[in-house]
Amino acid sequence: MSRETDQERRRFLLRAGKAGLGVAAIGALGWWAHDTQGPSANIGQAANVKLPSFAVKGTDKRLAVVKSSHRVPALRAGLEALGGMGAFVGAGHKVVIKVNAAFASPPALGATSNPELVAELVRLCRGAGAKQVIVTDNPINDPASCFELSGIGPAAREAGAQVVLPHPGAFAPYSLPGGRLIRDWPLMYGPLAGADRLIGLAPVKDHHRSQASVTMKNWYGLLGGRRNVFHQDINGIISELGQMVTPSLVIADGVATLAHNGPTGGSLEDLRPTDTLILGTDHVAVDSLAVGLLGLKPAKVPWLGLAARAGAGTTDYESLNPTRVELG
Amino acid sequence: MELSRSHPSRTQRLLSLAVLGLLALVAAVVFWQQGRYDPASWGWGGAAGTGAGLLAELAVPGLAPLGPGEGFTPATLSDKIDGKAELYLAAGFESMAARRYALAGQPAQWLELMLYRMKDSRAAYSVFSNQRRSGAKDSGLTPNAYTTSNALYLAQGPYYLEAVASSPQPALVQGLAQAAKALLAKLPAAPSAAPAEAELFPAQGMKAGSVVLLAKDAFGMAGLDQVFIAAYPQGAQELMAFLARRADPATAQKQAAAYAAFLKQNGGNPQPAPAGLPGAHLAEVFGAWELFWAQGPYLAGVRGSEDQAATLALAMRLRQALEKAQP
């Protein structure tokens, strides 16, 4: 009995040992195959690019608010109030205008930058001596359709700009220094390479996730990859975009504000005439003023506070002594 | 006996080999599948058979398709509508098909049909009601359909249609109605009326078309789902009545207590219940009043007004309306 029991125990230990080895082998195989990093947004370039400041010396803290129902005269008056286009753009400059061409929707719906405003801005840049004006965005819809159906593409080309659509070669990995979200992420750097000036032009819109979409949210269109993952931290990403870009000038178009069902809208009834164009060099200040057109207070819009605390600008726009122009 | 314990039989060997073979097959399939992982294909069935076919086959007199259609899944919806995707996803989005059409011979005059397939008719009603444009006109196509100057919106069963024209040109607006009619003829028959709760609000004084179904996390409280709201303008202010049907009276009571605790945590100041509504919860929240209670399986209440008397008056009417509905 004792010998039989010993044999049984030996057999049991042998089998248990084999089973244990099997489990360990499978575990080791799984460990070896496990990707602790997850899918990378890196697009194969060796080094991250750096995004320079596009701020123009001597123009900081400039802010103008123009009341008008007509965009073109409002733009001219606003720029005049800031010292003229010559204060921002000079002879031989390469100027990039980052529009909001996010959707393949008609201009009348106000979900994208207004084509008349784009065209006039291009003409003013050219008039100030710009050698090259690029109009660009990385829309979430099909880029060609977005630029054509929004009217931005034809208007920009006709005014003398080069429309640059996103393409794989235009992206380079970028990390925001000290950033939490924008790390090793594809940035549409191609159009920005060698640029002297960067101007943001965005409509003022209601936004289902972030309450408002204005000029800082507009920089979202410089990112590539599966950027919708950032919607889970929409306030954080807009704040980081505000830190990522130091523009030469931003323009918030609130002549007609997309006040409901943003950011896409769809019905003309989603728009509200607010007759306001805001121009400035501090995009936090410009956006803080613009959210008022949506009936929001800057203190109630978290991404504004986050961006201000991170040093991207000020929500206290009155401290910049904005120039107010009434065109009637 | 000893032999049979130490050496497995032929049948046992074959069975063991079959099990091992099956495991190896599973491992091979997993390995093969993960190499071609597509998040869009997990759990939602992709865009195929989701309405894309309906638009692909749609023929509308006077309209010509502008290119092929597009299909979107929960993983890709934000590629089409950006941040608004969250509204649809929270309500129970399954898929969306979109296609543009132009007036025959006038490619610059175009419209776009966006057909959303939601998980059920309540989900479709939720996205329909959340985006209803004020001052819109009933289109008459279904009980839940309206037009604006350049668009037509409707909910039918689990489908929600947005038809948007590039301009308010009459021929395009007419095209919207024709396209919607043609599409409705292809959709499966389904109840298109609003969910029953939407009919329970007191009709007198209610703002037309103001009933909205909040699918998820109503009033900022996690888990407060499937809540109907309706607006009651009174002078310069607007009161909001709300109600939500729960599985049973005990669940409704529990949620009323949870909502009271939520308000307290967020700066609400609890007050004694008014005499007319024993057992109700009353709280002052940053100058506005919240009055709510459990009534049978319903959580009901009134919020948003600085006028306590007006809040109580509307609450009493809502209570009576619910009593009539479930005597």
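Residues numbered from 1 in each chain as written. Chains lettered and ligands numbered in written order. Predicted model: local features only at pLDDT ≥ 70, side-chain atom pairs only at ≥ 80, totals over all residues. Heavy atoms only, no water.

We now examine the overall build of chain A. Looking only at helices and strands, chain A features nine helices and eleven strands. Compactness check: chain A gives a C-alpha radius of gyration of 26 Å against a globular reference of 20 Å for 328 residues, more than 25% above the reference. In terms of principal-axis extent, the alpha carbons of chain A reach across some 110 × 40 × 35 Å. Looking at chain A residue by residue over its 328 residues, the buried ones come to 54%. For chain A, the exposed surface amounts to about 14000 Å²; the carbon and sulfur share of it is 55%. Side chains of chain A give 32 positive and 26 negative charges; the mean places of these two sets differ by 7 Å. (Helix = DSSP H or I, 4+ residues; strand = E, 2+ residues; numbered from the N terminus. Rg over C-alpha atoms; globule rule 2.2 N^0.38 Å. Buried < 20%, exposed > 50% of the residue type's maximum accessible area, 1.4 Å probe, protein only. Areas by Shrake-Rupley, 256 points an atom, 1.4 Å probe, with all protein chains shown as cover. Lys, Arg positive; Asp, Glu negative; His and termini not counted. Charge placed at Lys NZ, Arg CZ, Asp CG, Glu CD.)

Residue and element names in this part refer to chain A. Summed over all chains, the structure comprises 21 salt bridges over all chains. When the shortest N-O distance is used, the salt bridge between Asp137 and Lys98 registers 2.8 Å. In this pair, Asp137 is assigned in the loop between strand E3 (132-136) and helix H4 (143-149) and Lys98 in strand E2 (residues 94-99), connecting sequence segments 39 residues apart. Owing to a relative accessible area of 3%, Asp137 belongs among the buried residues under this scheme. Between Arg180 and Asp233 there is a salt bridge, with the nearest N and O atoms lying 2.7 Å from each other. Of this pair, Arg180 sits in the loop between strand E5 (171-174) and strand E6 (185-188) while Asp233 sits in the loop between helix H6 (215-218) and helix H7 (234-244), and the two are 53 residues apart along the sequence. The class for Arg180 is exposed, based on a relative accessible area of 55%. (Salt bridge = Lys/Arg side-chain N within 4 Å of Asp/Glu carboxyl O.)

All names here are of chain A. Burial analysis of E2 places six of its six residues in the buried class, which makes it a mostly covered element. Burial of E2 is two-sided: the residues Lys94, Val96 and Lys98 facing one way and the residues Val95, Ile97 and Val99 facing the other way are all buried. When E2 meets E3, the two strands line up parallel, connected through five bridges. In the strand pairing of E3, Val96 is matched with Ile134. Relative to strand E7 (residues 197-207), E2 runs parallel, the two being bridged by five bridges. The residue of E7 that forms the bridge with Val95 is Arg197. (Pairing = 2+ DSSP bridges.)

A full pass over the atoms with the stated rule returns two cavities of 30 Å³ or more. If you add up the space inside the largest cavity, you get close to 210 Å³. Considering the residues around the largest cavity, the lining is formed by 20 residues, among which Ser105, Thr264 and Gly265 of chain A together with Glu112 and Met114 of chain B are closest to the centre. If you list the elements that add at least two residues to the lining of the largest cavity, you get helix H4 (77-81), strand E4 (106-118) and strand E8 (159-165) of chain B. With four residues, E4 of chain B is the single largest residue contributor to the lining of the largest cavity. (1 Å grid on protein atoms, 1.4 Å probe; cavity = no way out; pocket = protein on both sides within 12 Å on 5 of 7 lines; lining within 4 Å. Points joined across faces, edges and corners; volume = space filled by probe spheres on them.)

Attention shifts here to the interface of chain B and chain A. Each side of the interface is counted separately: chain B has 29 residues, and chain A has 32 residues. Between chain B and chain A, the buried area comes to about 2400 Å², and carbon and sulfur atoms account for 46% of it. Contact with chain A buries surface across chain B, with Asp82, Lys84 and Glu86 of chain B losing the most and accounting together for 23% of the total. Along the contact surface separating chain B from chain A lie four salt bridges. We note a salt bridge from Arg133 of chain B to Asp270 of chain A, for which the minimum N-O separation is 2.8 Å. Where chain B touches chain A, the interface holds 18 residue pairs in polar contact (both at pLDDT 80 or more). Every element with two or more residues in the side of chain B that touches chain A is listed here: helix H1 (2-6), H4, helix H5 (85-91), E4, strand E7 (151-156) and E8 of chain B. Here the side of chain B that touches chain A takes four residues from H4 of chain B, the largest share from any one element. Of the residues assigned to the side of chain B that touches chain A, the class counts are nine nonpolar, ten polar and ten charged. (Contact = heavy atoms within 4.5 Å. Buried area = accessible area lost by both parts, 1.4 Å probe. Polar contact = N/O pair within 3.5 Å; in protein donor to acceptor, adjacent residues only side chain to side chain. Nonpolar A, V, L, I, M, F, W, Y, C, P; charged D, E, K, R; others polar.)

Working note: a packed helix pair is described by the angle between its axes plus the distance between those axes. All names here are of chain A. It is the contact of H7 with helix H9 (residues 302-309), at a shortest axis distance of 8 Å, that shows an interaxial angle of 40°. Taken as axis vectors, H7 and H9 run oblique relative to one another. Crossing of H7 over H9 shows right-handed handedness. Each of Asn235, Gly236, Ile238 and Ser239 in H7 lies in contact with H9, whose residues at this interface are Pro302, Trp303, Leu306 and Ala307. For the contact of H7 with H9, the residue count by class is five nonpolar, three polar and no charged. (Axes fitted to C-alpha atoms, helices over the stretch in contact; angles between N-to-C directions. Parallel < 35°, antiparallel > 145°, perpendicular 65-115°, else oblique. Left-handed = near helix turned anticlockwise from the far one by under 90°.)

A cluster of nonpolar side chains, Leu14, Leu17, Val19, Leu20 and Leu23 of chain B, forms an exposed patch at the surface whose accessible area comes to about 520 Å². Residue placement: Leu23 of chain B occurs in helix H2 (residues 10-35). (Patch = residues over 30% accessible without salt bridge, like charges linked within 9 Å, V, L, I, M, F, W, Y side chains within 5 Å.)

Before going further, it helps to spend a moment on the side chain of Thr281 of chain A. All names here are of chain A. Checked against the element boundaries, Thr281 lands in the loop between strand E10 (271-280) and helix H8 (283-290). A relative accessible area of 13% places Thr281 in the buried class. Reaching out from Thr281, the side chain makes a polar contact with the backbone oxygen of Thr59 at a distance of 3.0 Å. Within the structure, the side chain of Thr281 is placed 3.2 Å from the backbone nitrogen of Lys61, a separation counted as a polar contact. In contact with Thr281, other than residues within four places in its own chain, are Thr59, Asp60, Lys61, Arg62, Phe88, Pro247 and Ser248.

Okay, the confidence of the model for chain A next. In the predicted model, chain A carries a mean pLDDT of 93, and the fraction of residues at 70 or more is 95%. Across residues 39-43 of chain A, where pLDDT falls below 50, the model places ten contacts with residues more than four positions away in sequence or in other chains. (pLDDT = per-residue confidence, 0-100.)

Turning our eyes to something else, we now look at helix H2 (residues 71-81) of chain A. Residue and element names in this part refer to chain A. Those residues of H2 lying buried are Val72, Ala74, Leu75, Ala77, Gly78 and Leu79. Close packing links the buried residues of H2 with strand E1 (63-67), helix H3 (115-127), strand E9 (249-258), E10 and strand E11 (323-326). Count one or two residues on from H2 and you reach Gly83, which has phi positive near 110°.

This part covers the nonpolar core. Note that soluble globular proteins tend to have their nonpolar side chains buried in a common cluster. Residues Leu77, Tyr88, Tyr116, Met118 and Phe201 of chain B are the most contacted members of the largest nonpolar core, which totals 52 residues. Core analysis: the next-biggest nonpolar cluster, separate from the first, contains 50 residues, Val204, Ala212, Ile278 and Ala290 of chain A among them. (Core = buried A, V, L, I, M, F, W, Y, C linked by side-chain atoms within 4.5 Å.)

All names here are of chain B. Along the chain, the position of Gly301 falls in strand E15 (residues 298-305). Taking relative accessible area as the criterion, Gly301 reaches 0% and is therefore assigned buried. For the pair Gly301 and Ala280, spaced 21 residues apart in the sequence, the C-alpha separation amounts to 9.0 Å. Those residues in contact with Gly301 that sit more than four places away from it in its chain are Met240, Ala241, Phe242, Leu291, Phe292, Trp293 and Leu318.

All names here are of chain B. Scanning all chains against the criterion turns up 15 aromatic pairs over all chains. Ring geometry for Phe128 versus Tyr146: centroids 5.6 Å apart, planes at 55°, classification tilted. Remark: Tyr146 occurs in strand E6 (residues 145-147) and Phe128 occurs in helix H6 (residues 121-130); sequence separation between them is 18 residues. Assessed through its relative accessible area of 2%, Tyr146 is described here as buried. (Phe/Tyr/Trp six-rings, centres within 6.5 Å; stacked < 30°, edge-to-face > 60°.)

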